[in-house]
Amino acid sequence: DVGTFMVYKDKTPVIVDLGPGEYINWSFATREKCWYKDSDFHSLPTFDGVIQKSGIDYKSNNEEFSAADKSFTLDITEAYPSEAGLKSYVRRAELSDGGVVITDEIALDGEREIEFNFTSMVEPVIDGNEFVMNGGVRLSASFPAELSVESHDTTYPGCKSWGETIYRAHFKIKSAGGKFVFTIK
């Protein structure tokens, strides 16, 4: 789940991390059997359906925090297996103008279906090319995309409790890469 993040507004969760309440040896040994531990449930994209892999070989590089810019940047290219077709993927999270800006700069080996996923405990509502999230917070993209929402039951053993149902907001596009900016405000 390299590159995941959580967003709160006035102590209310807007974008959440769905993972287990506590990570233990079992958490990693059974990762592939527990959908709620997959990276696409941690507000990370898929590339032709390919998610991040777990293990020491799948990691970030060039992590950089800037207090002056209120930002955190990391290269998460190596967090995905080669099947994802990534040439490079740099994610930047920045506090800006009362909100959060996530910038994903991605280069792929060719055109692929990219699905950007954002996990929420309250059902997002589609409004044009953006979502209205928990507390009226808006999640928008800098590019046209196909938007959808799906729900999942979270009453599984080991699943962190955000309620009985969680939701994922999806921005889906076909692209060979570019600069993809999401504003959460």
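Throughout what follows, the structure given in this document is the object of discussion.

Calculation criteria
- Residues numbered from 1 in each chain as written.
- Predicted model: local features only at pLDDT ≥ 70, side-chain atom pairs only at ≥ 80, totals over all residues.
- Heavy atoms only, no water.
- Helix = DSSP H or I, 4+ residues; strand = E, 2+ residues; numbered from the N terminus.
- Buried < 20%, exposed > 50% of the residue type's maximum accessible area, 1.4 Å probe, protein only.
- Contact = heavy atoms within 4.5 Å.
- Areas by Shrake-Rupley, 256 points an atom, 1.4 Å probe, with all protein chains shown as cover.
- Salt bridge = Lys/Arg side-chain N within 4 Å of Asp/Glu carboxyl O.

**What about the overall build of the protein chain?**
- When you go through the protein chain residue by residue, the secondary structure sums to one helix and 12 strands.
- Shown N-terminal to C-terminal, the secondary structure of the protein chain runs as helices and strands in the order β-β-α-β-β-β-β-β-β-β-β-β-β.
- For the protein chain, the proportion of its 185 residues judged to be buried stands at 48%.
- Restricting to contacts in the protein chain with at least 6 residues of sequence separation, those with at least 24 account for 59%.
- Approximately 9,200 Å² of the protein chain is accessible, and the part contributed by carbon and sulfur atoms is 49%.

**Describing the pattern of salt bridges**
- Counted by the stated rule, this structure contains eight salt bridges.
- The partner of aspartate 109 in a salt bridge is arginine 112, and the shortest N-O contact between them spans 3.0 Å.
- Residue classification places aspartate 109 among the partly exposed residues on the basis of a relative accessible area of 48%.
- The closest approach of N and O atoms between aspartate 127 and arginine 138, which form a salt bridge, is 2.9 Å. Placement of the pair is aspartate 127 in strand β8 (residues 125–127) and arginine 138 in strand β10 (residues 138–141), with a sequence separation of 11 residues.

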